[in-house]
Amino acid sequence: MRASKHAKTLAVTLLDLSGIPWLLRPFLGGRGTILSFHRVLLANAQTLNPGTAVTAGQLESILQFLRRKKWDIIPLSQIPERLRARRAGRYFVSITLDDGCSDNLHVAAPLFQKYNAPFCVFVNSGVVDRSVIPWWTLLEPIILGTREIVIEHPSKGQLRFSCDSYDEKRAAMGQLLQIGWPDRPAMREALRTYCLKNGTSVESLIGQVHLSWDELRSIVRNPLASIGSHTVSHDRLSELSVEHARYQMQADRERLQSEVGRPVEDIAYPLGSPCDCGPREFQIAREVGFLRGVTTRRWNLFPSDSNALFALPRVTVSMAHSESARFVRLSAYGTWNALVRVLR
C-alpha cells in the first residue's frame, strides 16, 4: 500500500512537472470538473479506508489551489448553464461529498465557508434514520477500537481477525469489505449481532460516523450547502427491480425534502460505476423528479454532457493522493483521467 502510494505520488509529480498536461488541456480538460469526496478527517484521526477519506489539510490545500487558479467553484445547479454556454468562460469546479458523514459538518463545512466554496452532501435517509446499517463505514470504528474482532456471519460462520497492530487492522478491514459487498444483508445482520453481543448500540455507532437529522438541518442552514440523494440504503441499483430502484430514489428524495425543507435536485448513484448504474437508473432518476445525476465515472465535463445530465462524471479525491493540489490539476487538465483509462 505504502509503496503504491509513493509510486503514485512520484508519477503525479513527474507528470505535472513535465508540462505535458498543460499542452493537452485544450483537448482533455473540458469546461469543468466535479470533485468527489467522502470523509474529511482531522490530521490526527486514523482511518482504515484511505480510499474514501482526505485530511482537512488536503482539502484546504485543494481549496487554496482552486482560489489561486481563479477557477470558479460553483454549485451543481449551475453546471447545465455553463455547459450550454457558447463560450467556455472560466474553468469551473463543483464539490460533492458522498455518504453523509458527520465530519462533513464539523470538519469540511468550516473550510468551505472559509473559502466561500459551494458544496453538495449526498445522503442516505435510511442511515440518518438509523434504520439502515452502513456496515461498510461501521467496520472502521469497531476494528480501530479492538485488538480482536469476532463476527458471526450468517453464511460464512465465525470470522475472527487479530487487530493488534495497524497493519492487522487494515488487513481485517480489507477482508471484511471483500466478504461484505457481495452479500450486504448478511453483513448488516452480522454487525447487528456483533453489537448486541458486545453491549454496543448500533444507533450510537452510526452516530459516531454519520449525520443525524439535526446535523443535516444544520448543514442546510449554510447558504453554500445543498443536499442530494444517495438513495435510502446505498444498495447497488442495477441489482434491484425497477420498482425497488424507483422506491430507493423517490422515497429518499421525498424524505430528505420533508426533513430539511429544501428541494433535493441531485442524486449520486451508490457506487456509481457503469456496472452499478446505467440508462435504466438515469431514466428513473429523471422520472422521480431529479434534475441531475452524478456517477463515479472518472472524466471531466464537456459541452456534450449537457445532453447527459443524469450521467455526469466525477473525479474522486482521497488520501491516496498525497500531492492533492497536483492531482486535482492533472485531473482538471484531463491527463490523469486519460492515463487511468489507458492503464485500466
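Look up a bit, the structure's there.
Residues numbered from 1 in each chain as written. Predicted model: local features only at pLDDT ≥ 70, side-chain atom pairs only at ≥ 80, totals over all residues. Heavy atoms only, no water.

A. Summary view of the overall build of the chain. Per the secondary structure count, the chain includes 15 helices and twelve strands. For the chain, the C-alpha radius of gyration of 20 Å lies close to 20 Å, the compact-globule estimate for 344 residues. Seen through its C-alpha atoms, the chain measures out along the principal axes to roughly 60 × 45 × 35 Å. When burial is assessed residue by residue, the chain has 56% of its 344 residues classed as buried. Taking the intrachain contacts of the chain between residues at least 6 apart in sequence as the baseline, contacts between residues at least 24 apart amount to 72%. Here the chain has roughly 15000 Å² of accessible surface; of this, 53% comes from carbon and sulfur atoms. One finds the centroid of the 43 positive side-chain charges in the chain at a distance of 9 Å from the centroid of its 32 negative side-chain charges. (Helix = DSSP H or I, 4+ residues; strand = E, 2+ residues; numbered from the N terminus. Rg over C-alpha atoms; globule rule 2.2 N^0.38 Å. Buried < 20%, exposed > 50% of the residue type's maximum accessible area, 1.4 Å probe, protein only. Contact = heavy atoms within 4.5 Å. Areas by Shrake-Rupley, 256 points an atom, 1.4 Å probe, with all protein chains shown as cover. Lys, Arg positive; Asp, Glu negative; His and termini not counted. Charge placed at Lys NZ, Arg CZ, Asp CG, Glu CD.)

B. Representation of the packing of aromatic side chains. The full count for this structure, using the stated rule, is nine aromatic pairs. The interplanar angle of 25 degrees and the centroid separation of 4.5 Å between the aromatic rings of Phe112 and Phe119 together place this pair among those described as stacked. Each member of the pair, Phe112 as well as Phe119, is classed as buried. Here Trp135 and Trp136 contribute two aromatic rings whose centre-to-centre distance is 6.3 Å and whose plane-to-plane angle is 85 degrees, an arrangement assigned as edge-to-face. Residue Trp135 shares its accessibility class with Trp136, and that shared class is buried. Three or more aromatic residues link up through ring pairs in this structure, and these residues are Phe65, Trp71, Tyr91 and Tyr333. Its end group placed over the ring of Phe290, Arg253 keeps NZ or CZ at 5.6 Å from the ring centre. (Phe/Tyr/Trp six-rings, centres within 6.5 Å; stacked < 30°, edge-to-face > 60°. Lys NZ or Arg CZ within 6 Å of the ring centre and 35° of its normal.)

C. Examining the environment of Val264 more closely. Summarising the element assignment, Val264 is placed in the loop between helix H12 (242–260) and strand S10 (266–268). Relative accessible area serves as the criterion here: at 1%, Val264 is assigned to the buried category. Along the chain, Val264 and Thr296 lie 32 residues apart, while their C-alpha atoms are 20 Å from each other. Setting aside its immediate chain neighbours within four residues, Val264 contacts Ile227, Gly228, Ser229, Arg253, Leu256, Gln257 and Phe290.

D. Main features of the nonpolar core. The biggest cluster of nonpolar side chains holds 65 residues, and the ones touching the most others in it are Phe37, Leu59, Leu63, Ile95, Phe112 and Phe119. Among all residues touching Phe119, those that are not within four sequence positions of it are Ile95, Leu97, Ala109, Phe112, Ile219, Asn222, Leu224, Ala225 and Ser226. Among the nonpolar cores identified, the runner-up in size contains 30 residues, and Ile133, Ile142, Met187 and Ile206 belong to it. (Core = buried A, V, L, I, M, F, W, Y, C linked by side-chain atoms within 4.5 Å.)

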